[in-house]
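Coordinate inspection notes
Each chain, letter by letter, is given below.
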Amino acid sequence: MIDWLLPLVPLVKAVHIVGLCLWCGGLVALPFMLARHDPVVSQDDFHRIRKATHFTYTLCVTPAAVVAVIAGAWLIFMRETFQPWFYAKLFFVMLLVGAHAWTGHMLVRVGETKGRFQPRAPYLPLLAVLVPVIGILVFVLGKPDLSWIQFPSVLLEPMGRSLPFDVPRL
Ligand code: HEM
């Protein structure tokens, strides 16, 4: 790794962790907030709950996800995590991104569906978030030895190829 980047690892990791705390915390909170969209509450209350849910998703959870993913992408190259456990982690990250998209889809349906749309009970969306989060934490913190699984060598070793365009030298 480039030497001057080394001292930045704790900083980038901190940004990654703050980002993912907001991301995952928001994804846990949102199913409960969505469940409060009860058609029997007054128009004013419904409006307030809908606004809070919308802003939580668009101004907090989604930007936090982008920050966590960008910082995570930097960490791949700073920490050279070309290991099987890391690809297992990425599989669970993909599930988490799916849960994020599903939450957004429910949010749109609550806001845009004509008539009444009662979001589902929070348990299934909550499970869809907690399973990937636990999976990610098991792999990233435990870093289990998965060398018994056959991964394509392109994922584990540098291929020594150059990019098809010029990049500035650091
Ligand atoms: C595309 C998304 C992500 C990428 C590319 C990514 C990548 C990385 C990388 C490369 C590291 C450094 C590992 C090391 O130093 O050994 C890391 C650390 C970490 N990641 Fe992620 N990550 C992503 C999403 C997440 C998510 C969603 C979570 C939690 C739910 C998470 C939890 C953590 C934790 C707790 C660490 C610190 C591990 C340690 O220092 O031992 N990451 N991540």
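All values derive from a computational prediction rather than experimental measurement.

All right, on to the packing of aromatic side chains then. Centre distance and the angle of the planes are the two values used to describe a pair of aromatic rings. Taken as a whole and assessed by the stated rule, the structure comprises six aromatic pairs. Relative to Phe151, the ring of Tyr87 has its centre 6.0 Å away and its plane inclined at 40 degrees; by these criteria the two rings are tilted. With a gap of 64 residues between them, Tyr87 in helix α3 (residues 84–112) and Phe151 in the loop between α4 (123–142) and α5 (153–156) connect regions that are remote in the sequence. Taking 5.8 Å as the distance between ring centres and 25 degrees as the angle between the ring planes, the aromatic pair formed by Phe92 and Phe139 counts as stacked. Of the two residues, Phe92 sits in helix α3 while Phe139 sits in helix α4, which places them 47 residues apart along the sequence.

Attention now goes to the UniProt feature "transmembrane region" (unreviewed entry) in the protein chain. UniProt's entry tags residues 14–34, 55–78, 84–102 and 123–142 with the feature "transmembrane region" (unreviewed entry), counted in the numbering of this structure. Across residues 55–78 one finds 100% helix and 0% strand; the C-alpha atoms that close the span lie 33 Å apart. As annotated, residues 123–142 has a helix share of 100% and a strand share of 0%, and its two end C-alpha atoms lie 27 Å apart.

For α4, built from 20 residues, the straight-helix expectation of 28 Å at 1.5 Å per residue is met to within 8% by its first-to-last C-alpha distance of 27 Å. Looking at the buried positions of α4, the neighbouring elements they touch are α1 (9–35) and α3. Where α4 terminates, the next one or two residues include Lys143, which has phi positive at roughly 40 degrees.

This part takes up α1. For α1, with 27 residues, the first-to-last C-alpha span of 39 Å sits near the 39 Å given by 1.5 Å per residue. Along its length, α1 shows its largest kink, about 25 degrees, at Ala29, and proline Pro31 lies within four residues downstream of that point. All of the buried residues along α1 are Val9, Val12, His16, Gly19, Trp23, Cys24, Gly26, Leu27, Leu30, Pro31 and Leu34. Buried residues along α1 sit against α2 (43–79), α3 and α4.

In the contact formed by α1 and α2, the axes pass within 7 Å of each other and the chain directions differ by 150 degrees. On the basis of the axis angle, α1 is roughly antiparallel to α2. Where α1 crosses over α2, the handedness of that crossing is left-handed. Residue classes in the contact of α1 with α2 are distributed as 24 nonpolar, six polar and two charged.

Turning to the coordination of the iron atom of the ligand, a few remarks are in order. Binding of the iron atom of the ligand to the protein goes through His16 (NE2) and Lys89 (NZ), at separations of 1.8 to 2.1 Å. In this structure, the iron atom of the ligand is coordinated by six donor atoms arranged in octahedral fashion, with angles at the metal of 87 to 178 degrees. Placement of the pair is His16 in helix α1 and Lys89 in helix α3, with a sequence separation of 73 residues. On the basis of relative accessible area, His16 is assigned to the buried category, the value being 13%. Assessed through its relative accessible area of 11%, Lys89 is described here as buried.

A word on the nonpolar core. The biggest cluster of nonpolar side chains holds 28 residues, and the ones touching the most others in it are Trp23, Leu27, Leu96, Val129 and Phe139. Among the elements of the structure, α1, α2, α3 and α4 are those that each provide at least two residues to this core. Looking at which element gives the most residues to this core, the answer is α3, with eleven residues. Setting aside anything within four residues of it in sequence, one finds Phe139 in contact with Trp85, Ala88, Lys89, Phe92, Pro144 and Leu146.

Another aspect to go through is unusual backbone geometry. Positive phi outside glycine occurs at Glu80, with the angle close to 45 degrees. By secondary structure assignment, the location of Glu80 is in the loop between α2 and α3. A positive phi angle, close to 40 degrees, is found at Lys143, a residue other than glycine. Positionally, Lys143 belongs in the loop between α4 and α5.

What counts and how
Residues numbered from 1 in each chain as written. Predicted model: local features only at pLDDT ≥ 70, side-chain atom pairs only at ≥ 80, totals over all residues. Heavy atoms only, no water. Phe/Tyr/Trp six-rings, centres within 6.5 Å; stacked < 30°, edge-to-face > 60°. Helix = DSSP H or I, 4+ residues; strand = E, 2+ residues; numbered from the N terminus. UniProt positions renumbered as here; feature names shortened; annotations may be inferred. Expected span 1.5 Å × (residues − 1). Contact = heavy atoms within 4.5 Å. Bend = angle between axes of the 7 residues up to and from the residue. Buried < 20%, exposed > 50% of the residue type's maximum accessible area, 1.4 Å probe, protein only. Axes fitted to C-alpha atoms, helices over the stretch in contact; angles between N-to-C directions. Parallel < 35°, antiparallel > 145°, perpendicular 65-115°, else oblique. Left-handed = near helix turned anticlockwise from the far one by under 90°. Nonpolar A, V, L, I, M, F, W, Y, C, P; charged D, E, K, R; others polar. Donors = N, O, S within 2.8 Å, 3.2 Å for Na, K, Ca; no water. Tetrahedral: all angles 85-135°; square planar, octahedral: opposite > 155°, others 65-115°. Core = buried A, V, L, I, M, F, W, Y, C linked by side-chain atoms within 4.5 Å.

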